[in-house]
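A look at the structure
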Amino acid sequence: MKTTPFTEKHIALGAKMHEFAGYNMPIEYSGIIDEHLTVCQDVGVFDVSHMGEFWVKGPNALAFLQKITSNDVFALAPGKVQYTCFPNDKGGIVDDLLVYQYEPEKYLLVVNAANIRKDWDWCVAHNTEGAELENASDRMAQLAVQGPKAILALQKLTDIDLASIPYYTFKVLEFAGEKNVIVSNTGYTGAGGFELYFYPDAADKIWDAVFEAGEEYGIKPVGLGCRDTLRLEMGFCLYGNDLDDTTSPIEAGLGWITKFVEGKNFINRPMLEKQKAEGVLRKLVGFEMIDRGIPRKDYDLVNAEGEKIGVVTSGTMSPTRKIGIGLGYVKPEYSKSGTEIYIDLRGRKLKAMVVKPPFRK
């Protein structure tokens, strides 16, 4: 398995380790519920160095990104971040990702760890514009410092006012004595906080500085287990569950990142434009359990008569709500909030209700 610059720290701290996207990653330390609540109430630190990072540079960078991504990259400005996806040529999604605009001709793409090779090959194969592409995934480390007290801890480590970095923006600054650290007001938890990108040789110094700064705020290392429960409580999609090569952004409720603006002829635009105009055969919805039970990926969703109407793509017991919650695709007539649906749990019908995420207010 691959390692991150923090793997030995995780092992020394007693983390439960497991393979994820080819990396030896911490799944949990003190327990998923405890770590989940730590992030919601205080501050937790995720090692997300397994994520992929691609640079896109040069005078043709914008034209390339306008073609290969669904969102309107032209709307970005230096210091701004955008959530988007790579549409494939069959109506599905290659991956969802973030686009950072460094300069007018310099962008950073942050892609999912499990899709690094697939995404890189996709970008290279479709780079007919001649943009300069660089796969920097092995030369960048990343920590996600998340929670309402993250800003208090991290402010000790830089002279730049972190409150001056609004949501979905970033700055490149000196942090913990290290220059050229990207501090980004983004995250996958809905609890606030920042993501830090830096060179791997600064990893130990930055890890130690962050934990020393956060000690008075109850900082803890946290694993990928609670990252999943946190994102699900917010209704954030996970590639491989709620999104894949067969799910379109229109079906997934990502029409807001699919921009049919003039001059943006992105991959498979005509098919997605047709879906938006004519409707789709299934929609991704959130639901919460009325009956006691925990929905799991691939459980069937059925109606009151027991007829299959869809499938669960993500599900868990909400650590903050103490009820079962999930995401799943259903026929459009069952997608309205307040609609009662059922989870088929090994032949037992458990009642649930369609709701609009987030589940955690």
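Every value quoted in this text rests on a predicted model; they were computed, and no experiment measured them.

Rules used in this analysis
Residues numbered from 1 in each chain as written. Predicted model: local features only at pLDDT ≥ 70, side-chain atom pairs only at ≥ 80, totals over all residues. Heavy atoms only, no water. Pairing = 2+ DSSP bridges. Helix = DSSP H or I, 4+ residues; strand = E, 2+ residues; numbered from the N terminus. Contact = heavy atoms within 4.5 Å. UniProt positions renumbered as here; feature names shortened; annotations may be inferred. 1 Å grid on protein atoms, 1.4 Å probe; cavity = no way out; pocket = protein on both sides within 12 Å on 5 of 7 lines; lining within 4 Å. Points joined across faces, edges and corners; volume = space filled by probe spheres on them. Domains from an automatic or database assignment. Buried area = accessible area lost by both parts, 1.4 Å probe. Salt bridge = Lys/Arg side-chain N within 4 Å of Asp/Glu carboxyl O. Buried < 20%, exposed > 50% of the residue type's maximum accessible area, 1.4 Å probe, protein only. Core = buried A, V, L, I, M, F, W, Y, C linked by side-chain atoms within 4.5 Å. Axes fitted to C-alpha atoms, helices over the stretch in contact; angles between N-to-C directions. Phe/Tyr/Trp six-rings, centres within 6.5 Å; stacked < 30°, edge-to-face > 60°. Lys NZ or Arg CZ within 6 Å of the ring centre and 35° of its normal.

**Quick word on the sheet that holds strand β12 (residues 193–198)**
Pairing within the open sheet is mixed, and its six strands lie in the order β10-β11-β12-β9-β3-β13. Looking at strand neighbours, the two that pair on one side only are β10 (170–175) and β13 (220–221), the edges of this open sheet.

**Remarks on the environment of Ile 11**
Along the polypeptide, Ile 11 turns up in helix α1 (residues 7–12). When the C-alpha atoms of Ile 11 and His 50 are compared, they prove to be 16 Å apart, with 39 residues separating the residues in sequence. Setting aside residues no more than four positions away along its own chain, Ile 11 makes contact with Met 17 and Asn 24.

**Section: the UniProt feature "binding site: substrate" (unreviewed entry) in the protein**
As recorded in UniProt, the sites labelled "binding site: substrate" (unreviewed entry) are Glu 195. Tracing the backbone shows Glu 195 in strand β12. Beyond its immediate stretch of four places on either side in the chain, Glu 195 contacts Leu 98, Tyr 100, Gln 142, Leu 143, Ala 144, Gln 146, Ile 182, Val 183, Ser 184, Thr 186 and Gly 187.

**Details of the layout of surface pockets**
Using a probe with the size of a water molecule, rolled over the atoms, empty space left in the structure can be pinpointed. In this model, the second largest pocket occupies a volume close to 250 Å³. As for the second largest pocket, its lining consists of 14 residues, and the residues nearest its centre are Trp 55, Tyr 102, Met 140, Asn 180 and Tyr 199. Mapped by element, the contributors of at least two residues to the lining of the second largest pocket are β4 (52–57), β11 (178–184) and β12.

**Thoughts on the domain arrangement of the protein**
For the protein, the assigned domains are domain 1 (4–49 + 137–231) and domain 2 (234–353). For domain 1 and domain 2, the distance between their C-alpha centroids amounts to 30 Å. The interface of domain 1 with domain 2 comprises eleven residues on the first partner and 13 residues on the second. Of the roughly 900 Å² buried between domain 1 and domain 2 on both sides combined, carbon and sulfur atoms contribute 60%. In terms of surface lost to domain 2, no three residues of domain 1 exceed Tyr 188, Thr 229 and Arg 231, which account for 55% of the buried area on that side. The interface formed by domain 1 and domain 2 contains one salt bridge. Here Asp 242 and Arg 231 are joined by a salt bridge, their closest N and O atoms 2.9 Å apart.

**Points about the UniProt feature "domain: Aminomethyltransferase C-terminal" (unreviewed entry) in the protein**
When the UniProt feature table is mapped onto this chain, "domain: Aminomethyltransferase C-terminal" (unreviewed entry) is found at residues 282–359. Along residues 282–359, the helical share is 0% and the strand share 53%, with 21 Å between the first and last C-alpha atoms.

**Comments concerning helix α3 (residues 61–68)**
Most of α3 sits out of view: six of its eight residues are buried. Each element contacted by the buried residues of α3 is listed here: β4, β5 (81–87), β6 (93–103), β7 (106–111), α4 (116–125) and β8 (132–135).

**So, the nonpolar core**
Formed by 37 residues in total, the largest nonpolar core has its most connected members in Phe 46, Tyr 100, Leu 108, Val 110, Ile 182 and Leu 243. Breaking this core down by element, the ones donating at least two residues are β5, β6, β7, α7 (224–234) and β17 (324–330). Among the elements that line this core, the one with the most residues is β6, at four residues. Residue contributions to this core reach at least three from each of two domains, namely domain 1 (4–49 + 137–231) and domain 2 (234–353). In contact with Phe 46, other than residues within four places in its own chain, are Val 39, Gln 142, Leu 143, Ala 144, Gln 146, Thr 189, Val 222, Gly 223, Cys 226, Arg 227 and Leu 230. In terms of nonpolar packing, the next biggest core, distinct from the first, is built from 32 residues, Ala 150, Leu 173, Ala 202 and Ile 206 among them.

**Remarks on the sheet that holds β17**
Reading around the circumference, β14-β17-β16-β15-β18-β19 is the order of the six strands in this closed barrel, with antiparallel pairing throughout. For this sheet, the mean angle separating the axes of adjacent strands, direction not counted, is 45°. Where strand β18 (residues 340–345) and strand β19 (residues 348–355) come together, six bridges link them in antiparallel fashion. The residue of β19 that forms the bridge with Ile 341 is Ala 352.

**Focus: the packing of aromatic side chains**
Taken as a whole and assessed by the stated rule, the structure comprises twelve aromatic pairs. Centre to centre, the rings of Trp 55 and Tyr 102 are 5.0 Å apart; their planes meet at 90°, and the pair counts as edge-to-face. With Trp 55 in strand β4 and Tyr 102 in strand β6, this pair connects stretches of sequence that are 47 residues apart. Between Tyr 188 and Phe 236, the ring centres sit 6.1 Å apart and the planes meet at 15°, which makes this aromatic pair stacked. Taken together, the positions of Tyr 188 in the loop between β11 and β12 and Phe 236 in the loop between α7 and α8 (269–278) put the pair 48 residues apart, joining distant regions of the chain. The class for Phe 236 is partly exposed, based on a relative accessible area of 25%. Each member of the aromatic cluster is reached from another via a ring pair, and the members are Trp 55, Tyr 100, Tyr 102, Phe 170 and Tyr 197. Note that Lys 106 overlies the ring of Trp 55, its terminal NZ or CZ placed 4.9 Å from the centroid. Looking at Arg 282, its charged tip hangs above the ring of Tyr 329, at a distance of 4.7 Å from the centre.

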